[in-house]
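So the chains spell out like this:
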Amino acid sequence: MASTLKISSIGSDETLDQSRLAPILEEQPTRVSVDEEAFGAPVETISPLGYHVDWISVIFLNVSRIIGVGVFVTPATILRGVGSVGISMIYWVIGFLFSAASLCVYLEYLCYYPQRSGGIVTYLEKAFPRPRLMAPFLYACLFCTLSTSSAACIVFAEYVLLALQYEITKWNVRGVALGLSTAMTMICILSTKWSLHFSNAIGMVKVLALVLIAITGLIVLCGGVPHVPNPGANFSQPFLGTSNNINGLVSALLKIRFSYVGWESVFSMVNEVKDPIPTLKKFAPLSLGVVFVLYMLVNVAYFATVPLEKIKSSNEMIANLFFETIFPSSPNSTNVALTVLQFLVALSSLGSVIAATISASRIIRESGRQGLLPYPQIWASTKPFNTPLAAYLLRWSVTSVLIVIPPPGDAFNFIVDLQYYPESIYAFLLVIGLFFVRRRRAAVGAPSVPFRAWTFVAVFALVVNLVIMIIPWVPPEGGIYAGDVSFFYATYCIAGLGVIALSCVIYYFWYVHFPRRGGYRIRQITEKLSDGAQTSKIVKVPVEALEEWDSAHVDDVEHLVGNEEGMRDRM
């Protein structure tokens, strides 16, 4: 009688005959291995999600994600922190350089893994192959549970209600926010093509709006608006009033960094770009450059129009002050320009929501394909609309919970802030991981790639991310209870570290403790779905069969060093 071997996978237990095991091993020889990079999701040489991401979508997915409410608010916050117009403008340049350096790191990863979507969760998988699956597992725990668009949805709701002159109540705001999240999710579920078209259209409107603000500012600067006195006054002594308060200067750096968040969105969809390396090499930097130029011109418009002291002393959005100055209204009339601004802020939030939803769905899908989520077939599947349905539903569920349950104020702000500190840690680790990938490639004589970040740029990105990790610990001006919550200002940093620690504990029990007690080890096999999608499935291999299993699943050197082109040619 043939002996039997029990191999269990998440969501199922199978008892296999030894005689039936051999063909299964032969069927999946290239994806599961004991080699250090053998774990992870398989390469989908033909994207089951299609190829809807063209160069226009590359530009406007990033642009729509980056340009949110910040451009209407942050310039005043930066000015208050640094004290002068000159330093404020320099900070916007620094923020651009921060993001450009990190973009170079992502472009190099893209050249190593051009057929893997997922962005950071994929690159962490490749950069830190040991402990096996730990780095992507920790990131997936954070992203799948805390990354949401709830804040942007609520901002949209508040400004739509303001523009329509409806009463702003807790449940009015929540209802509109939940409706926005649901509508955007449905659009994304039904069609990737049309959701990208929608995102592109909103991105174009955002760019046009900022261009009009910039042109208006230049007209003011040239003296074309008579009721704006001394339009160049704020630039006559640009460094007058520069602050020497370390708290304000450091806090402004953090806010500048957040103003550029979103440039990495398209990297989560690289396998849906027909020719990803040349397309992203050209148009991903272009998208960041477009945003940078618009940010600078809009800042010039604000500072040319609104007196410096008014910006510093007012609690209004700087965009509000700008529109009130350009289009003054009588006390008893409605300012149409301000209503237009409120709709524009709402539209900016809407664009950020749909761009973030599309991008996040690919990160969640890739986490599932890596075998990090239960029932990976569900996450990898593109049925019935050729979109990652399960990933969208998870994202919608988490966003809905955070819109409806936390009370406004401290609790909501704390939950929104919670994801940011761990994100900065993973961004720091990603840059370190790039040097590890380079070293492994050099050790096996891997061929050169079309793009390699200059080492000093990678080191700059590393230093920047280290600074971003340190800044949140600097007490705000006013003391340790003067943050955006009424309790200890760095609570979200401590809680973020707690999230990482808890994820480490879960990983230990899943990958180390339970396998030791159960007498098995975790391995992966590739499963091909009927829609063309592929996913890794976690299987539990008994210790006594481990040697046979591992010897039958030795990956090629190309997979070890990240050359997926060589793998593709043989698949």
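Just so it is clear, the model here is predicted, and its values are computed rather than measured. (Residues numbered from 1 in each chain as written. Predicted model: local features only at pLDDT ≥ 70, side-chain atom pairs only at ≥ 80, totals over all residues. Heavy atoms only, no water.)

**Focus: a nonpolar patch on the surface**
Part 1 of the reasoning: A cluster of nonpolar side chains, namely Leu502, Val505, Ile506, Tyr508, Phe509 and Phe514, defines an oily patch on the protein surface of about 560 Å² accessible area.
Part 2 of the reasoning: Here Phe514 lies in helix H21 (residues 491–518). (Patch = residues over 30% accessible without salt bridge, like charges linked within 9 Å, V, L, I, M, F, W, Y side chains within 5 Å. Areas by Shrake-Rupley, 256 points an atom, 1.4 Å probe, with all protein chains shown as cover. Salt bridge = Lys/Arg side-chain N within 4 Å of Asp/Glu carboxyl O. Helix = DSSP H or I, 4+ residues; strand = E, 2+ residues; numbered from the N terminus.)

**Here we look at the pairing of strand S4 (residues 534–542)**
Part 1 of the reasoning: Where burial is concerned, most of S4 is hidden: 8 out of the 9 residues are buried.
Part 2 of the reasoning: Looking at chain direction, strand S3 (residues 520–528) and S4 are connected through 9 bridges and run antiparallel. In the sheet register, Arg523 faces S4, and the bridge partner there is Val539.
Part 3 of the reasoning: The antiparallel pairing of S3 with S4 creates a hairpin that spans 5 residues between the two strands, and Gly532 there sits at a positive phi of about 95 degrees. (Buried < 20%, exposed > 50% of the residue type's maximum accessible area, 1.4 Å probe, protein only. Pairing = 2+ DSSP bridges.)

**Brief notes about the nonpolar core**
When a protein is soluble and globular, its nonpolar side chains tend to lie buried together.
Part 1 of the reasoning: The biggest cluster of nonpolar side chains holds 163 residues, and the ones touching the most others in it are Phe72, Tyr91, Tyr109, Ile213, Tyr260, Phe267 and Leu280.
Part 2 of the reasoning: Ignoring anything within four residues of it in the chain, the contact list for Tyr260 reads Ile66, Trp92, Gly95, Phe96, Ser99, Leu288, Val291, Phe292 and Tyr295.
Part 3 of the reasoning: Counting residues in each nonpolar core, the second largest holds 6 residues, with Ile525, Val539, Leu546 and Trp549 among its members. (Core = buried A, V, L, I, M, F, W, Y, C linked by side-chain atoms within 4.5 Å. Contact = heavy atoms within 4.5 Å.)

**Focus on the packing of aromatic side chains**
Part 1 of the reasoning: All told, the structure shown has 29 aromatic pairs when counted by the stated rule.
Part 2 of the reasoning: Aromatic pair Phe323 and Phe327: ring centres 6.1 Å apart, planes at 40 degrees, arrangement tilted.
Part 3 of the reasoning: Relative accessible area serves as the criterion here: at 9%, Phe323 is assigned to the buried category.
Part 4 of the reasoning: For Phe327, a relative accessible area of 41% translates into the label partly exposed.
Part 5 of the reasoning: Consider the rings of Tyr507 and Tyr511, whose centres lie 5.4 Å apart with planes at 10 degrees: the pair is stacked. Here Tyr511 and Tyr507 lie together in helix H21, a separation of 4 residues that amounts to about one turn. Each of the two residues, Tyr507 as well as Tyr511, counts as buried.
Part 6 of the reasoning: Taken together, the ring pairs in this structure connect Tyr106, Tyr109, Tyr123, Trp263 and Phe267 into an aromatic cluster.
Part 7 of the reasoning: Stacked on the ring of Trp171, the Lys or Arg Arg174 has its end atom at 4.6 Å from the ring centre. (Phe/Tyr/Trp six-rings, centres within 6.5 Å; stacked < 30°, edge-to-face > 60°. Lys NZ or Arg CZ within 6 Å of the ring centre and 35° of its normal.)

**Concerning the environment of Thr122**
Part 1 of the reasoning: Along the chain, Thr122 turns up in helix H5 (residues 120–127).
Part 2 of the reasoning: C-alpha separation for the pair Thr122 and Gln370, spaced 248 residues apart in sequence, amounts to 8.6 Å.
Part 3 of the reasoning: Beyond its immediate chain neighbours, meaning those up to four positions away, Thr122 contacts Arg116, Ser117, Glu366 and Gln370.

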